[in-house]
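Spelled out from the first residue to the last, the chains are:
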Amino acid sequence: MKLRNPSTALTLSLLALLPALAGEPGEHTVNQKDKEFSQTEITIKPGEKIVFQNSDAVTHNVFSNSKINPFHIKIQQPGSSSTVQFASEGVTEVRCAIHPKMKLMVTVKK
Ligand SMILES: [Cu+2]
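So, here's what we can say about the structure. (Residues numbered from 1 in each chain as written. Predicted model: local features only at pLDDT ≥ 70, side-chain atom pairs only at ≥ 80, totals over all residues. Heavy atoms only, no water.)

1. Description of the side chain of N61
Piece 1. Within the secondary structure, N61 sits in the loop between β4 (49–54) and β5 (62–64).
Piece 2. Judged by its relative accessible area of 12%, N61 falls in the buried class.
Piece 3. A distance of 3.1 Å separates the side chain of N61 from the side chain of H72, its partner in a polar contact.
Piece 4. Beyond its immediate chain neighbours, meaning those up to four positions away, N61 contacts H72, K74, I75, R95, C96, A97 and I98. (Helix = DSSP H or I, 4+ residues; strand = E, 2+ residues; numbered from the N terminus. Buried < 20%, exposed > 50% of the residue type's maximum accessible area, 1.4 Å probe, protein only. Polar contact = N/O pair within 3.5 Å; in protein donor to acceptor, adjacent residues only side chain to side chain. Contact = heavy atoms within 4.5 Å.)

Put into structure tokens, the structure is as follows:
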């Protein structure tokens, strides 16, 4: 078949692209758009990461003062992203220091 090789090559190229599109294994993306998180809660496994993407035209400042997995990204410019690893099991409340209405509950469990 004439078309077999080209279509196989195309399939392999698409498969090679998939990891780039989906991000690293164990990485979850939460978007910030219109001064909201793209979801209100997320459940991940210990050691996995959340990529906080700022798709707004304003800065954000995402942090958590929770006892479990506290962190502070600090000023996050429009169009940038920041990755946070969540090591411990439990619930972390994520807020934005600039926009008090923004809230994301992160549950880490095996
Ligand atoms: Cu914000």
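2. What about the sheet that holds strand β7 (residues 81–85)?
Piece 1. Within the open sheet, the four strands sit side by side as β2-β1-β4-β7. Their pairing is mixed. Only two strands of the sheet have a single partner each, and these edge strands are β2 (36–37) and β7.
Piece 2. When β4 meets β7, the two strands line up antiparallel, connected through five bridges. Bridge pairing links I50 to V84 in β7. (Pairing = 2+ DSSP bridges.)

The values reported here are purely geometric and, on their own, carry no functional implication.
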